[in-house]
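# Geometric and topological summary
What follows is the residue order along each chain.
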Amino acid sequence: MTEAIRQKRNELAADGSWSDGSAENQGRWDAVVSRDRTQDGLFVYAVISTRIYCRPGCGSRPPHRKNVRFFPDGTEARKYGFRACKRCLPDDTPDWASRTMFVSRMCRLIETSSRTPTLALLAKSIGYSPFHSHRMFLEVTGITPRAYAVSVRTAALMTSLSATEKVTDAIHGDRAVSASQFYADMSRGLGMAPATFVKGGKGMTIHYATAASNIGRVLVGATDRGVCAILIGDDPEVLERDLRDRFPAAAIIEAGTELATTITQVVSLIHEPETATHLPLDIRGTAFQCRVWHALREVRPGETIAYSQLAERIGNPSASRAVANACGENPLAVAVPCHRVVRSDGTLGGYRWGVERKKSLLDRERRDNVARVLSPQT
Ligand SMILES: [Zn+2]
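In short, a report on the structure. Predicted model only: the values in this text are computed from it and were never measured. Counting from 1, residues in each chain are numbered in the order their sequence is written. For this predicted model, a pLDDT threshold of at least 70 governs which residues receive local features, and a threshold of 80 or more governs which side-chain atom pairs are given and counted, while totals over whole chains, interfaces and linings are taken from all residues. Here the side-chain values reflect all heavy atoms present in the structure, with hydrogen atoms and water set aside.

### Looking at the pattern of salt bridges
Formally: When a carboxyl oxygen of Asp or Glu is within 4 Å of a side-chain nitrogen of Lys or Arg, the pair counts as a salt bridge.
Following the criterion strictly, the structure yields ten salt bridges and no others. Taken together, the shared-partner salt bridges connect Asp242, Arg246 and Arg352 into one network.

Put into structure tokens, the structure is as follows:
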């Protein structure tokens, strides 16, 4: 510890403004205890015993109140010798859940506007700079806002494009659009050429590994952009075949130890969905599927949504059946929580990885929610 930091520490002990029992600090403490992700970016908390600082929504075990100091941001905390938590990455603001939410908001604005909104307008709608808004959008969806706007306009075409259909069939289904225009729009909208998409991920390299979880074997597939497949079942060989069927043209390689951290993150996502860490995803699908999957990611653990509600939420109320199909085709079990979609009458409905697993996932999330509400807040 340098002398400067030692001196800062002493000042900190003397100056209680960021740690005293004021109402403001009590509010901050409540946010820490309830892991309130909506407070992420508003302050950080530092723990004297571990010398680590975290965002309020961090999934780490809550510290003792007496060891906690609050700071406006990581820069302040570092002045006192605290280090950033490796789990919640408090300096990468906003966190993944918020970014996904902001991006979904921008998507909806694009979908509901008659003309493509400007970047400035999109940025204003979420309260970030155009630069950050653009970067966030690209990071979450893999495409730019402009490309997404193009893909929304051609959404009707895309929904008719399944992995088994030929691109030309899809084109001929709608003669109002010229073939070259269609290819150009598709290429921009998906972030890759339609032929690549139809051929099942040609050019992609996927490393995969499997692990045990309390709902069965889990196969995790990842590209250099993020996790592209989370498949659940009983038999590792069946899971591997499923992966190859979904990405028939991709190079599929069994991973060594390089996926160990990712596998751990995925298993903890299954076991403790509420405390899940940042997990970069490489979501690939038609624009319609991506809209459904992004909307699903906003359904919180312990909550459920009906297919019809989900269809409404993506601005396509008559598309319940297509929404159900998109849920069934979801390659990212639990990370894209299609287990939280139920029938309108409240019954479970189907699940690609077995209704028993759906039931056990939902039961656990409801139990955890009740436990959180009942547990004392200090
Ligand atoms: Zn943390």
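### So, the nonpolar core
So the rule is basically this: To qualify as a nonpolar core, a set must consist of buried Ala, Val, Leu, Ile, Met, Phe, Trp, Tyr and Cys residues joined through side-chain atoms within 4.5 Å. A 1.4 Å probe rolled over the protein chains alone gives each residue an accessible area, and that area as a share of the maximum for its type sets the label: buried under 20%, exposed over 50%, partly exposed in between. Every helix listed is a DSSP run of H or I at least four residues long, and every strand listed is a run of E at least two residues long, numbered separately from the N terminus. Source of the domain bounds: an automatic or database domain assignment. Note on contacts: a residue pair qualifies if any of its non-hydrogen atoms lie within 4.5 Å across the two residues.
Within the largest apolar cluster, 57 residues are counted, with the highest numbers of intra-cluster contacts made by Leu243, Phe247, Val292, Leu310, Val323 and Cys327. Put simply, the parts of the chain that give this core at least two residues each are strand E5 (205–213), strand E6 (216–223), strand E7 (226–233), helix H12 (236–246), helix H13 (260–271), helix H14 (287–296), helix H15 (307–313) and helix H16 (320–328). Of the residues that make up this core, three or more belong to each of domain 3 (205–275) and domain 4 (287–374). Other than its neighbours up to four places away in sequence, Val323 contacts Phe288, Val292, Tyr307, Leu310, Ala311 and Ile314.

### Structural notes on the environment of Pro236
Mapped onto the elements, Pro236 comes out in helix H12. Under the relative-accessibility criterion, Pro236 is labelled partly exposed at 34%. Residues Pro236 and Leu219, spaced 17 residues apart in sequence, show a C-alpha to C-alpha distance of 7.4 Å. Leave out the neighbours within four places in its chain, and Pro236 touches Thr210 and Arg217.

### Brief notes about the environment of Gly346
For Gly346, the position within the fold is in the loop between strand E10 (341–342) and helix H17 (355–374). Measuring from C-alpha to C-alpha, the distance between Gly346 and Ile305 comes to 9.0 Å, with 41 residues separating the pair along the chain.

### Focus: the sheet that holds strand E4 (residues 83–84)
To keep it simple, the criterion reads: Only strands that DSSP links by at least two bridges are regarded as paired with each other.
Across the sheet, four strands lie side by side as E3-E1-E2-E4; this open sheet has mixed pairing. Either end of the sheet is taken by a strand with one partner, and the two such strands are strand E3 (68–71) and E4. Looking at chain direction, strand E2 (residues 52–54) and E4 are connected through two bridges and run parallel. Following the sheet pairing, Tyr53 is matched in E4 by Ala84.

### Some words on the side chain of Ser133
Among the secondary structure elements, Ser133 is positioned in helix H6 (residues 130–141). Of the residues examined, Ser133 reaches a relative accessible area of 0% and is grouped as buried. The contact partners of Ser133, leaving out residues within four places of it in the chain, are Met106, Ala123, Ile126 and Tyr128.

### Description of H12
What counts is decided by this rule: Our arc is simply the arc of the directions from the helix axis toward the C-beta atoms. Each polar contact in these results corresponds to two N or O atoms within 3.5 Å; when the atoms are within protein, one needs to be able to donate a hydrogen and the other to accept it, and residues that are neighboring in sequence are counted only if both atoms are side-chain atoms.
Here H12 has its buried residues at Leu239, Asp242 and Leu243. When H12 is viewed along its axis, its buried side chains cluster within an angular range of 100° and face the same direction. Residues of H12 that are exposed and point over 90 degrees away from its buried face: Glu237, Arg241 and Asp245. Residues of H12 that are buried sit in contact with E5, E6, E7 and strand E8 (251–254). At the N-terminal end of H12, a side-chain oxygen is found 2.9 Å from the backbone nitrogen of Glu237, two or three residues along, and the residue is Asp235.

### Regarding the packing of aromatic side chains
Both the distance between ring centres and the angle between the ring planes are used here to describe each pair of aromatic rings. Test applied: Here the aromatic set is Phe, Tyr and Trp, taking the six-membered ring for Trp, and pairing holds for ring centres within 6.5 Å; pairs whose planes are under 30 degrees apart are stacked, those over 60 apart are edge-to-face, and all others are tilted. Geometrically, a lysine NZ or arginine CZ counts as sitting over a ring once it is within 6 Å of the ring centre and also within 35 degrees of the ring normal.
Taken as a whole and judged by the stated rule, the model has five aromatic pairs. Pairing Phe71 with Phe82 gives two aromatic rings, centres 5.9 Å apart and planes at 55°, and the pair type is tilted. Of the two residues, Phe71 sits in strand E3 while Phe82 sits in the loop between helix H3 (74–79) and E4, which places them eleven residues apart along the sequence. Grouped by ring-pair contacts, the aromatic residues Phe71, Tyr80 and Phe82 constitute a single cluster. In this arrangement the basic side chain of Arg28 is found over the ring face of Phe43, its NZ or CZ atom lying 5.9 Å from the centre.

### Regarding unusual backbone geometry
For Arg51, which is not glycine, the phi dihedral falls at a positive 60°. Position of Arg51 relative to the elements: it lies in the loop between strand E1 (44–47) and E2. Phi is positive for Val334, close to 70°, though the residue is something other than glycine. Mapping Val334 onto the fold places it in the loop between H16 and E10. Residue classification places Val334 among the buried residues on the basis of a relative accessible area of 6%.

### Things to note about the pairing of E1
Residues Val44 and Ala46 of E1 are buried on one face, and the alternating residues Tyr45 and Val47, pointing to the opposite face, are buried as well. Direction of pairing for E1 relative to E3: antiparallel, over a ladder of four bridges. What sits directly across from Tyr45, in E3, is Phe70. Note: E1 against E2, three bridges, orientation antiparallel. Across the sheet, residue Val47 finds its bridge partner in E2, namely Ile52. In this antiparallel pair of consecutive strands, E1 and E2, the connection spans four residues, and Arg51 shows a positive phi of 60°.

### With respect to the pairing of E5
Here four bridges tie E5 to E8, and the two strands are oriented parallel to one another. If you follow Ile206 over to E8, its bridge partner there is Ile252. Where E5 lies against E6, seven bridges are found, and the strand directions are antiparallel. In the sheet register, Ala211 faces E6, and the bridge partner there is Val218. Linking E5 back to E6 in an antiparallel pair, the connection comprises two residues.

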